[in-house]
Amino acid sequence: MSGDLHLGDYDYVRLLTRSRVAWEYLRRNPDFGRDWRCSPPGRPIAIRLRNDVTLIRMRRRFLCAEAWGLYTFRRSARKCPQGRGLLAN
C-alpha cells in the first residue's frame, strides 16, 4: 500500500525545534482541528502606549483556543509545509 507509514518518513522531526515539534503534533490532533474549524478568526487590536511600545490585545476571549493554551486560533492563507490543510505553522 502506498499509504503505509515508514519510520524514515519522520526523520525531519529530529531537526525541528521543540515548538515546531509541538505544532506538528497539535495540528494533526483531530480535536484541535475540530475546535480550529469551529472557531471564528480573531483580529487583535494594536494599542500604542506612550513609551512607544505597542500592546497587542484580542477584542474578546476565545475559550476554545484557551483550552489549547492559545489566545486565539490563527488563520493563514498559505498551506502548511506538507500541504495537509490550512492550519498555520
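Here is a short report on the structure shown in this document. (Residues numbered from 1 in each chain as written. Predicted model: local features only at pLDDT ≥ 70, side-chain atom pairs only at ≥ 80, totals over all residues. Heavy atoms only, no water.)

1. Considering the environment of Arg 60
Put simply, the rule reads: Helix and strand definitions here come from DSSP, where helices need a minimum of 4 consecutive H or I residues and strands a minimum of 2 consecutive E residues; each element is numbered from the N-terminal end. Accessibility here uses a 1.4 Å probe with only protein chains present; expressed as a share of the type maximum, an area under 20% marks a residue as buried, one over 50% as exposed, and anything in between as partly exposed.
The residue Arg 60 is located in the loop between β2 (54-58) and α3 (63-67) in this model. Judged by its relative accessible area of 44%, Arg 60 is partly exposed. The spacing of Arg 60 and Pro 44 is 16 residues in sequence and 9.0 Å in space, taken between C-alpha atoms.

2. Examining the packing of aromatic side chains
This is how the line gets drawn: Side-chain rings of Phe, Tyr and Trp (the six-membered ring for Trp) are treated as a pair once their centres are within 6.5 Å; stacked means planes under 30 degrees apart, edge-to-face means over 60, and tilted covers the remaining angles.
Counted according to the given criterion, the structure contains two aromatic pairs. Judged by centre distance (5.9 Å) and plane angle (85°), the ring pair of Trp 23 and Phe 32 falls under edge-to-face. Between Phe 32 and Trp 68, the aromatic rings sit 5.3 Å apart at their centres with planes inclined by 90°, giving edge-to-face as the arrangement. One end of the pair, Phe 32, is in helix α2 (residues 30-38); the other, Trp 68, is in the segment after α3, with 36 residues separating them in the sequence.

3. A short note on a nonpolar patch on the surface
Condition: Patch definition: residues above 30% relative accessible area lacking any salt bridge, with like charges linked at up to 9 Å and the nonpolar side chains Val, Leu, Ile, Met, Phe, Trp and Tyr linked at up to 5 Å. The Shrake-Rupley method, run with a 1.4 Å probe, gives the accessible areas here. Residue values count only the displayed protein chains as cover. A pairing counts as a salt bridge when a side-chain nitrogen of Lys or Arg comes within 4 Å of a carboxyl oxygen of Asp or Glu.
Together, Leu 49, Val 53 and Leu 55 make up an exposed nonpolar region whose accessible area comes to about 210 Å². You can see Leu 49 is positioned in the loop between β1 (44-48) and β2.

4. Remarks on the pattern of salt bridges
Within the structure shown, the criterion is met by seven salt bridges. In this structure, Asp 35 engages Arg 34 in a salt bridge whose closest nitrogen and oxygen atoms are separated by 3.3 Å. Assessed through its relative accessible area of 13%, Asp 35 is described here as buried. Overall, Arg 34 belongs to the partly exposed group, its relative accessible area being 40%. The salt bridge involving Asp 52 is made with Arg 48; its shortest N-O contact spans 3.8 Å. For the pair Asp 52 and Arg 48, a shared accessibility class is recorded, and that class is exposed.

5. Quick look at the side chain of Asn 29
Just so we agree on the cut-off: Polar contacts here mean pairs of N or O atoms no more than 3.5 Å apart (in protein, one a potential hydrogen donor and the other a potential acceptor; neighbouring residues in sequence count only if both atoms are side-chain atoms).
Of note, Asn 29 is situated in the loop between α1 (18-27) and α2. Take Asn 29: its relative accessible area is 14%, and that puts it in the buried class. Only 2.8 Å separates the side chain of Asn 29 from the backbone nitrogen of Asp 31, close enough to count as a polar contact.

6. Looking at the nonpolar core
Selection rule: Put simply, buried Ala, Val, Leu, Ile, Met, Phe, Trp, Tyr and Cys residues joined by side-chain atoms within 4.5 Å make one nonpolar core.
Within the largest apolar cluster, seven residues are counted, these being Trp 23, Leu 26, Phe 32, Trp 36, Phe 62, Ala 65 and Phe 73. Among the secondary structure elements, those contributing two or more residues to this core are α1 and α2.

7. Let's talk about unusual backbone geometry
One non-glycine residue, Asp 52, adopts positive backbone phi at about 65°. Note on placement: Asp 52 falls in the loop between β1 and β2.

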